Amino acid sequence: MSAVIDHGHTDHHHGPAKGLMRWVLTTNHKDIGTMYLWFSFAMFLLGGTMAMVIRAELFQPGLQIVQPEFFNQMTTMHGLIMVFGAVMPAFVGLANWMIPLMVGAPDMALPRMNNFSFWLLPAAFSMLVSTLFMEGGGPNFGWTFYAPLSTTYAPESVTFFIFAVHLMGISSIMGAINVVATILNLRAPGMTLMKMPLFVWTWLITAFLLIAVMPVLAGCVTMMLMDIHFGTSFFSAAGGGDPVLFQHVFWFFGHPEVYIMILPAFGAVSAIIPAFARKPLFGYTSMVYATASIAFLSFIVWAHHMFTVGIPLTGELFFMYATMLIAVPTGVKVFNWASTMWRGSMTFETLMLFPVAFVILFTIGGFSGLMLAIAPADFQYHDTYFVVAHFHYVLVTGAVFSIMAAAYYWLPK
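Residues numbered from 1 in each chain as written. Predicted model: local features only at pLDDT ≥ 70, side-chain atom pairs only at ≥ 80, totals over all residues. Heavy atoms only, no water.

## Brief notes about the side chain of K333
So, point 1. With respect to the helices, strands and loops of the structure, K333 is situated in helix α12 (residues 327-341).
So, point 2. The charged side chain of K333 is buried without a salt bridge, its nearest counter-charge being E257 at 18 Å.
So, point 3. One polar contact links K333 to T291, side chain to side chain, over a distance of 2.8 Å. (Helix = DSSP H or I, 4+ residues; strand = E, 2+ residues; numbered from the N terminus. Buried < 20%, exposed > 50% of the residue type's maximum accessible area, 1.4 Å probe, protein only. Lys, Arg positive; Asp, Glu negative; His and termini not counted. Salt bridge = Lys/Arg side-chain N within 4 Å of Asp/Glu carboxyl O. Polar contact = N/O pair within 3.5 Å; in protein donor to acceptor, adjacent residues only side chain to side chain.)

## A few points about the pattern of salt bridges
So, point 1. Under the counting rule described, the total for this entry stands at 1 salt bridge.
So, point 2. Between D31 and R22 there is a salt bridge; the shortest N-O distance is 2.7 Å.

## Topic: the packing of helix α4 (residues 68-103) against helix α7 (residues 158-185)
So, point 1. Where α4 contacts α7, the two axes come as close as 11 Å, and the packing angle between them is 20 degrees. The pairing of α4 with α7 is recorded here as roughly parallel in orientation. Taken as a pair, α4 and α7 cross one another with a handedness that is left-handed. Judged by residue contacts, L80, F84, M88 and I99 of α4 engage F161, M168, S172, V179, T182 and I183 from α7.
So, point 2. Of the residues that constitute the contact of α4 with α7, the class distribution is 8 nonpolar, 2 polar and no charged. (Axes fitted to C-alpha atoms, helices over the stretch in contact; angles between N-to-C directions. Parallel < 35°, antiparallel > 145°, perpendicular 65-115°, else oblique. Left-handed = near helix turned anticlockwise from the far one by under 90°. Contact = heavy atoms within 4.5 Å. Nonpolar A, V, L, I, M, F, W, Y, C, P; charged D, E, K, R; others polar.)

## Looking at helix α10 (residues 284-297)
For an α-helix, the turn length of 3.6 residues means that residues three or four places apart are oriented alike.
So, point 1. Helix length check: α10 (14 residues) gives 20 Å between terminal C-alpha atoms against 20 Å at 1.5 Å per residue, within 8%.
So, point 2. Listed as buried for α10 are M287, V288, A290, T291, I294, A295 and L297.
So, point 3. Summarising the contacts, the buried residues of α10 are in contact with α8 (198-229), α9 (243-277), α11 (313-325) and α12. (Expected span 1.5 Å × (residues − 1).)

## Things to note about a nonpolar patch on the surface
So, point 1. Among the surface-exposed residues, L184, L193, M194, F208 and Y289 lie close enough to one another that they form a single nonpolar patch of about 490 Å² accessible area.
So, point 2. With respect to the helices and strands, Y289 occurs in helix α10. (Patch = residues over 30% accessible without salt bridge, like charges linked within 9 Å, V, L, I, M, F, W, Y side chains within 5 Å. Areas by Shrake-Rupley, 256 points an atom, 1.4 Å probe, with all protein chains shown as cover.)

## Some thoughts on the packing of α9 against helix α15 (residues 385-410)
So, point 1. With their axes 9 Å apart at the nearest point, α9 and α15 run at an angle of 50 degrees to one another. With respect to their mutual orientation, α9 and α15 come out oblique. The interaxial crossing formed by α9 with α15 has left-handed handedness. Here M261, I262, A265, A268, V269, A271, I272, A275 and F276 of α9 lie close against α15, whose contacting residues are V394, L395, G398, A399, S402, A405, A406, Y409 and W410.

## Let's talk about unusual backbone geometry
So, point 1. Of note, the bond from A147 into P148 is cis; its omega dihedral lies within 30 degrees of zero at 5 degrees.
So, point 2. Not every positive phi belongs to a glycine, and R278 is a case in point at roughly 60 degrees.
So, point 3. Inspection of the secondary structure puts R278 in the loop between α9 and α10.
So, point 4. The backbone of D383 sits at a positive phi, close to 60 degrees, despite the residue not being glycine.
So, point 5. Relative to the helices and strands, D383 resides in the loop between α14 (375-381) and α15.

Structure follows, in structure tokens:
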């Protein structure tokens, strides 16, 4: 019905320009969700080609098919595009599509802001990718863009990278405000918080994480900009600053960010497993509390990325134990999914293979993370391919498998 109300009268007999403008100006949550998903798909393809360059270069010791500088640009851009261009917009697209339907709302709470949130992304990523064609090349400092490498030795295109990150951040903040406003204000009568589907719950909590940490990322890249162009020394020891400050600010954003990428996956999987086990989700209430616990703990573990920078022993112990604590609510979730499948009338359509693989392989991601949380062990793991393997277990078999499952499950809508 909303499709008819929004623009049904402009759809027909007005030529191709009108047909295009229907997408450019749409405020319909389904249209916007669809555009997010197409954009995400395009970014998956682009980020995937970059991954293929990386794997081809690493195919054999001594083989060199691209220059080292270009290889560094590929690793940087692959990470940035997959995180901010592929995984996050995919979940935002699913949120736009599903949240109004799941809570009984006619649309998102702020439909025109919704349109703006989306259209910032093609602009941001066009700018980010255009850096590859600039003199000096694109960002070459890794997706975590540690200073001083990203402020002192970076190509001039770093300024475009900073602006692109600002735009993505603005888009994410607006999208998150929209999700919170929709869930808290537009639920149908009788749809209490504890009756909401878990996908809605995980997105509500994810949205609060986004609102809390995207401004921190904005502050981080703004300090970079100041150091590069305006003579400040936030991250330069020579001027009284500290490169480790960059890591603290970045990871205070970056750790909640990785949970932003996995919580909606938990929500999607919690919808699909009960459907194919033919019984209700086991432990709904504990799932809600586990999600909230993970979100809270995600803010007090950031320095586990920094065990090797020389923090005090007390700090190492705190961040080690706080990180290991996240394994508890995560374990609750895994056991709840397993209990839902246990003695269910399971069928194994292609769609169900993704969540089953998710439960097994995401758990490997969790266990490898638990290994990395152990500070003395992390001294050995740090900056090795083990860390790369850990976060790909979480991001690929966690987030991406869930996106695939959600696409199979909800695309018929």
